[in-house]
Amino acid sequence: MTSDTTTPAVDLTGSRPRLRRERRVRRLFAGAAAVSIVVSLLIVGSLVGEAWTFLRGLDLSSLWTMGWFPRRGLFDVKTVLTGTLLIALVAMVVATPLGLGAAIYLSEYARPRARRWLKPILEVLAGIPSVVLGYFALTWISPNIVMRLSSHAGVFSMAAAGIAVGILVTPLVASVSEDAMRAVPAALREASYGLGAKKATTVTRIVFPAAASGIMASLILGVSRAIGETMVVAMAAGAVGGSLFQWNIFQPGQTMTAAMSALAIGSDQVAGSTSAFQSLFFLGLLLFLMTLGLNLLSDRFVRKVREKY
Amino acid sequence: MGEDQLTDSTTAAGPTIATGEARPAGRGVSVGSALRGTGRPAEPAQNTIFDVRGLRVFYGSFQAVADATMAIREHEITALIGPSGCGKTTVLRCFNRMNDLIDTARVEGTILYHGTDIYGEKVDPVEVRRRIGMVFQKPNPFPKSIYDNIAFGPRIAGYKGNMDDLVEESLTRAALWDEVSDKLKESAYALSGGQQQRLCIARAIATSPDVLLMDEPCSSLDPIATLRIEELMIELKRDYSIIIVTHNMQQAARVSDRTAFFTVDVKQTGMRTGRLVEFDATDAIFTNPREKQTEDYITGRFG
Amino acid sequence: MTDEHNPHPDLRSRFDAELDGIRRGAVALGSLVLENAERLIEALLESRLDLAQQAIDADDVVDRAYIDVERRVFRIIALQQPVASDLRLLISIIRIAHEIERSGDLVVNCAKGILRQQGFTLSHPLQGLIARLCRATVDLFGRSIECLAEMDHEGAGRLDEEDDEVDDLVGEFYALLATEAQKMHVDTAIELSRVGRYMERIADHAVNVGEHITFVVTGIFPRHAEIDED
């Protein structure tokens, strides 16, 4: 079709080099995303493979015995599972009030000047290496708190480790729930004050419920972190090598993570295809599935928050 | 052109704020002698609900409002208009002590509400806000059900009566009952913008205030929703006294009985301070204002 | 207009231009009628039937100009929601235009009278008096249009006094007419008395125009203020 106008038609096709550059950049980012997916799949794959081998070659009755003694072929899952859950429980008992309290204070009560030095302190807490916390658990938490609460407690206990993990998790809970609370629009607070609500009423009946999803997400993340903590529990929970099934938090106990690290760095090497080695993978898979499940759960909560605003 | 001075208005007898007794919804007593102004037909004087004297507002060292003195009448709609930065929203928020929420805000002067200075020493701002309701620029219902939104105010004030009836009455007065009566338990966010704003009005009414402060209540709504809210305001002034801030002059002309025009003075230091220029019956302001600044603003030649 | 209260002289300049255009349209309308009135005076005093006919034909132009002014006022009120002095100006323009248009009709009526009588042959004193009456009336009308052009409300206030002069002249004219009536044909006398009446009414219209101008500038309608003071 020939045009008989004197002015040329407008060229909207865009410059070739720019389009090529855009395509390259897009591929670069897609590649980065692909790498993370691949890595995750590799992790899962390696765990599943060896875990399956472990389970197949196993006398299933050894999964329900008196304790976790891998070098003796005793793989009582409920011991390590209980240990993990107890530590997580103690940690959350510590982290929930401290974390939420700090978050409420920072979000609703603190003046800008106070926030300016309080937040960095929380961040310092978050940055403490877990080995240092483990040491702190043994040298301070244990004698000053745990042993005072229970006369039977020794230096090593799940309580001491749990408290230390709680301190570790507090900044995470505080940070995420503070973000959730600050995300509540100021307009809602204004509406509440406008109706004659006191500050505490506004915080508890408007801000907190509105931020509930985000706060729940922070708690779930906290639990997930507590479950995955290795160093502190390896040092302070006190069960090197193996342990008996234990309910009492004032006694030493064994968590999945500590069990894995004990197996991997134990004095007698566990390398090779012995079931002890393979039990590592089994625990690892369990751990992975638990934290995956928790993270998916917390994600659903976070998405609920985003829907509202 | 005389200004109607309310020197001989009588205020309705009523309990003081400090004791916090319950007040029936906006039933003021209109007593008054007819005033005769020059060139104006005689108007019956109405009671003053807010007597503002020498109101000055500062944010830190910055003066937002310079010396405003005015008397707001009961059962009227008073509009505050003016260009941006003239302090009209700041002044509005003084009436229910919302400026207290801002750290650096400082309010001087007096605002007498039924004869009591709401900035007096013993006065609890929470009590003030229960009697003086506020509706904001953007509808801000709580992320709760429609029912719970309305019930919130009465609940925290310790209301012991029949909540269902109170919710229905509030929604009816806000011209929203028919549209939501079958979905009270649904989220307030399911409503349209105009409905949400009426919900906010119902929510404010539920605590039985006698004053409604409205900060540009229609600025985020479409013209039909705006019109409905304007009609609602005119109905509501039977039971409430309404003060509205609006940057839409035609709206002020349509709904208000009296209009206050604020302007912004810019000093050499660059500080912008709001100042009350003229306060008069709306029809006077829009047909023959006394001050040239007022005329310039409403004819669109300034601001 | 630039002053410290109006830091934005460009704001509403199109609107101001439109307002001014409407006002000048009303002034132009007045000028058309004024022109016609001058034609009428010449037609009357020189018995120029052609000019009388021209005056009648020219009324079409006047009517069209009037309709145009009205239309423009309606449009700007509907679209711009003017208030205060702008509103007063526009309402007054409609009224003023109406007064002018009525005056134009009265000029036409006089012209028709001249045509019916095939011109007036008048005695010297009567001729002189009617010339003074018409001159005073048309000058008064002309001044009211000038006041409109300048928005001069002080001048507009003085129109009332000048109208008194016209009223006196009308009185004189009727007195003289009464004495001379027997010497002329009955129809002629009736026609001449009509001319007198028309002139009086044109003068009244001019005074009304002045009052509307006062209203625009001060916001007070002189007649209403008198009622209020009772």
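Residues numbered from 1 in each chain as written. Chains lettered and ligands numbered in written order. Predicted model: local features only at pLDDT ≥ 70, side-chain atom pairs only at ≥ 80, totals over all residues. Heavy atoms only, no water.

1. Examining the overall build of chain B
Move 1: When its secondary structure is counted, chain B shows 10 helices and 12 strands.
Move 2: Counting only residues that meet the buried cut, chain B has 57% of its 303 residues in that class.
Move 3: Restricting to contacts in chain B with at least 6 residues of sequence separation, those with at least 24 account for 70%.
Move 4: Of the roughly 12,400 Å² of accessible surface on chain B, a fraction of 50% belongs to carbon and sulfur atoms. (Helix = DSSP H or I, 4+ residues; strand = E, 2+ residues; numbered from the N terminus. Buried < 20%, exposed > 50% of the residue type's maximum accessible area, 1.4 Å probe, protein only. Contact = heavy atoms within 4.5 Å. Areas by Shrake-Rupley, 256 points an atom, 1.4 Å probe, with all protein chains shown as cover.)

2. Considering the overall build of chain A
Move 1: When helices and strands are tallied, chain A shows 11 helices and 3 strands.
Move 2: Order of helices (α) and strands (β) in chain A, N terminus to C terminus: α-β-β-α-α-α-α-α-α-α-α-β-α-α.
Move 3: The burial tally for chain A puts 42% of its 309 residues in the buried class.
Move 4: Nonlocal contacts in chain A, meaning residues at least 24 apart in sequence, comprise 75% of its contacts between residues at least 6 apart.
Move 5: With an accessible surface of roughly 16,700 Å², chain A has 67% of that area assigned to carbon and sulfur atoms.

3. Focus on helix 2 (residues 77–109) of chain A
Move 1: Compared with the 48 Å implied by 1.5 Å per residue over 33 residues, the 46 Å span of helix 2 of chain A between its first and last C-alpha is a close match.
Move 2: Most pronounced at A:Ala95, the bend in helix 2 of chain A amounts to some 30°, and the proline A:Pro97 follows within four residues. (Expected span 1.5 Å × (residues − 1). Bend = angle between axes of the 7 residues up to and from the residue.)

4. Quick notes on a nonpolar patch on the surface
Residues and elements named next belong to chain A.
Move 1: A cluster of nonpolar residues, Val 35, Val 39 and Ile 43, forms a patch on the protein surface that exposes about 230 Å² of accessible area.
Move 2: Take Ile 43: it is sitting in helix 1 (residues 16–56).
Move 3: Since its relative accessible area comes to 40%, Ile 43 is described here as partly exposed. (Patch = residues over 30% accessible without salt bridge, like charges linked within 9 Å, V, L, I, M, F, W, Y side chains within 5 Å. Salt bridge = Lys/Arg side-chain N within 4 Å of Asp/Glu carboxyl O.)

5. Structural notes on a positive patch on the surface
Move 1: On the surface, a cluster of positive charge is made up of A:Arg16, A:Arg20, A:Arg21, A:Arg23, A:Arg24, A:Arg26 and A:Arg27.
Move 2: The residue A:Arg20 is located in helix 1 in this model. (Lys, Arg positive; Asp, Glu negative; His and termini not counted. Charge placed at Lys NZ, Arg CZ, Asp CG, Glu CD.)

6. Overview of the nonpolar core
Move 1: Counting 107 residues, the largest nonpolar core has B:Phe50, B:Leu55, B:Met70, B:Leu80, B:Phe95, B:Ile111 and B:Phe262 as its most contacted members.
Move 2: Looking at this core, you find at least three residues from each of domain 1 (18–56) and domain 2 (61–308) of chain A.
Move 3: Formed by 66 residues, the second largest nonpolar core is a distinct cluster that contains C:Ile93, C:Val107, C:Val170 and C:Leu192. (Core = buried A, V, L, I, M, F, W, Y, C linked by side-chain atoms within 4.5 Å. Domains from an automatic or database assignment.)

7. Section: the pattern of salt bridges
Move 1: One pass over the structure, following the stated rule, counts 42 salt bridges over all chains.
Move 2: In this structure, C:Asp16 engages B:Arg301 in a salt bridge whose closest nitrogen and oxygen atoms are separated by 2.2 Å. One end of the pair, C:Asp16, is in helix 1 (residues 13–46); the other, B:Arg301, is in the segment after helix 10 (292–298), on a second chain.
Move 3: Residue C:Asp16 is classed as partly exposed on the basis of its relative accessible area, which comes to 26%.
Move 4: The salt bridge partner of C:Arg23 is C:Asp20, with a shortest N-O separation of 2.8 Å. Within this pair, C:Arg23 and its partner C:Asp20 are both found in helix 1, separated by 3 residues, close to a single helical turn.
Move 5: Connected via shared salt-bridge partners are B:Arg56, B:Asp67, B:Arg106 and B:Glu108.

8. As for the domain arrangement of chain A
Residue and element names in this part refer to chain A.
Move 1: Domains assigned within chain A are domain 1 (18–56) and domain 2 (61–308).
Move 2: On a C-alpha basis, the centres of domain 1 and domain 2 stand 28 Å from each other.
Move 3: In this structure, the connection of domain 1 to domain 2 is made through 0 salt bridges.
Move 4: Of the residues contributing to the side of domain 1 that touches domain 2, the split by class is 6 nonpolar, 2 polar and 1 charged. (Nonpolar A, V, L, I, M, F, W, Y, C, P; charged D, E, K, R; others polar.)

9. Quick look at the sheet that holds strand 6 (residues 105–113) of chain B
All names here are of chain B.
Move 1: With respect to topology, 10 strands assemble into an open sheet ordered 7-6-3-4-12-11-5-10-9-8, the strand pairing being mixed. At either margin of the open sheet sits one strand with a lone partner, and together these are strand 7 (116–117) and strand 8 (132–135).
Move 2: In the sheet, strand 8 pairs with strand 9 (residues 211–215) via 4 bridges, with the strands oriented parallel. When the sheet's bridge partners are listed, Gly 133 is paired in strand 9 with Leu 212.
Move 3: Contacting strand 5 (77–81), strand 9 and strand 10 (241–245), helix 7 (residues 223–236) runs over the sheet at an angle of about 145° to strand 10. (Pairing = 2+ DSSP bridges. Axes fitted to C-alpha atoms, helices over the stretch in contact; angles between N-to-C directions.)

10. Regarding the interface of chain B and chain A
Move 1: Contact with chain B, which involves 22 residues of that partner, is made by 18 residues of chain A.
Move 2: Taking both partners together, chain B and chain A bury about 1,800 Å²; carbon and sulfur atoms supply 67% of that area.
Move 3: Across the salt bridge formed by A:Arg111 and B:Asp103, the nearest N and O atoms sit 3.4 Å from each other.
Move 4: Linking chain B with chain A are 5 residue pairs in polar contact (both at pLDDT 80 or more).
Move 5: Elements with a minimum of two residues in the side of chain B that touches chain A: helix 2 (125–131), helix 3 (146–156) and helix 6 (193–205) of chain B.
Move 6: Its residues placed into classes, the side of chain B that touches chain A shows 12 nonpolar, 3 polar and 7 charged. (Buried area = accessible area lost by both parts, 1.4 Å probe. Polar contact = N/O pair within 3.5 Å; in protein donor to acceptor, adjacent residues only side chain to side chain.)

11. Regarding the environment of A:Leu138
Residue and element names in this part refer to chain A.
Move 1: The topology assignment puts Leu 138 in helix 4 (residues 130–149).
Move 2: Of the residues examined, Leu 138 reaches a relative accessible area of 19% and is grouped as buried.
Move 3: Leaving out residues up to four positions away in the same chain, Leu 138 has contacts with Pro 143, Val 155, Phe 156, Met 235 and Ala 236.

12. As for the packing of helix 2 of chain A against helix 3 (residues 112–127) of chain A
Residues and elements named next belong to chain A.
Move 1: Put simply, helix 2 and helix 3 touch, their axes get as near as 10 Å, and they point 150° apart. Overall, the two elements helix 2 and helix 3 adopt an arrangement that is roughly antiparallel. Judged by the twist between their axes, the crossing of helix 2 over helix 3 is left-handed. Contact residues: Ala 102, Tyr 105 and Leu 106 in helix 2; Ala 114, Arg 115, Leu 118, Lys 119 and Leu 122 in helix 3.
Move 2: A per-class count over the contact of helix 2 with helix 3 returns 6 nonpolar, no polar and 2 charged. (Parallel < 35°, antiparallel > 145°, perpendicular 65-115°, else oblique. Left-handed = near helix turned anticlockwise from the far one by under 90°.)

13. Thoughts on helix 4 (residues 124–150) of chain C
Move 1: Compared with an ideal rise of 1.5 Å per residue, which puts 27 residues at 39 Å, helix 4 of chain C spans 38 Å between its outermost C-alpha atoms and is within 8% of the ideal.
Move 2: Just beyond helix 4 of chain C, the residue with positive phi is C:Met151, at close to 50°.

14. Describing the pairing of strand 11 (residues 258–266) of chain B
All names here are of chain B.
Move 1: Most of strand 11 sits out of view: 7 of its 9 residues are buried.
Move 2: Sheet topology note: the strand 11/strand 12 (residues 272–281) ladder contains 9 bridges and is antiparallel. Looking at strand 12, one finds that Phe 261 is bridged to Glu 278.
Move 3: Counted along the chain from strand 11 to the antiparallel partner strand 12, the turn is 5 residues long, and its residue Gly 270 has a positive phi close to 95°.

15. Thoughts on the packing of aromatic side chains
Move 1: Applying the stated criterion across every chain, the model contains 8 aromatic pairs over all chains.
Move 2: On the basis of an interplanar angle of 65° and a centroid distance of 5.7 Å, the ring pair of C:Phe215 and C:Phe221 is categorised as edge-to-face. One exposure class covers both C:Phe215 and C:Phe221, and it is buried.
Move 3: Of the aromatic side chains, those joined through ring pairs into one cluster are B:Phe50, B:Phe95 and B:Tyr113.
Move 4: Sitting over the ring of B:Phe142, B:Arg203 keeps its end group 4.4 Å from the ring centre.
Move 5: Here the guanidinium or amino end of B:Arg258 rests over the ring plane of B:Phe279, the centre of that ring lying 4.8 Å away. (Phe/Tyr/Trp six-rings, centres within 6.5 Å; stacked < 30°, edge-to-face > 60°. Lys NZ or Arg CZ within 6 Å of the ring centre and 35° of its normal.)

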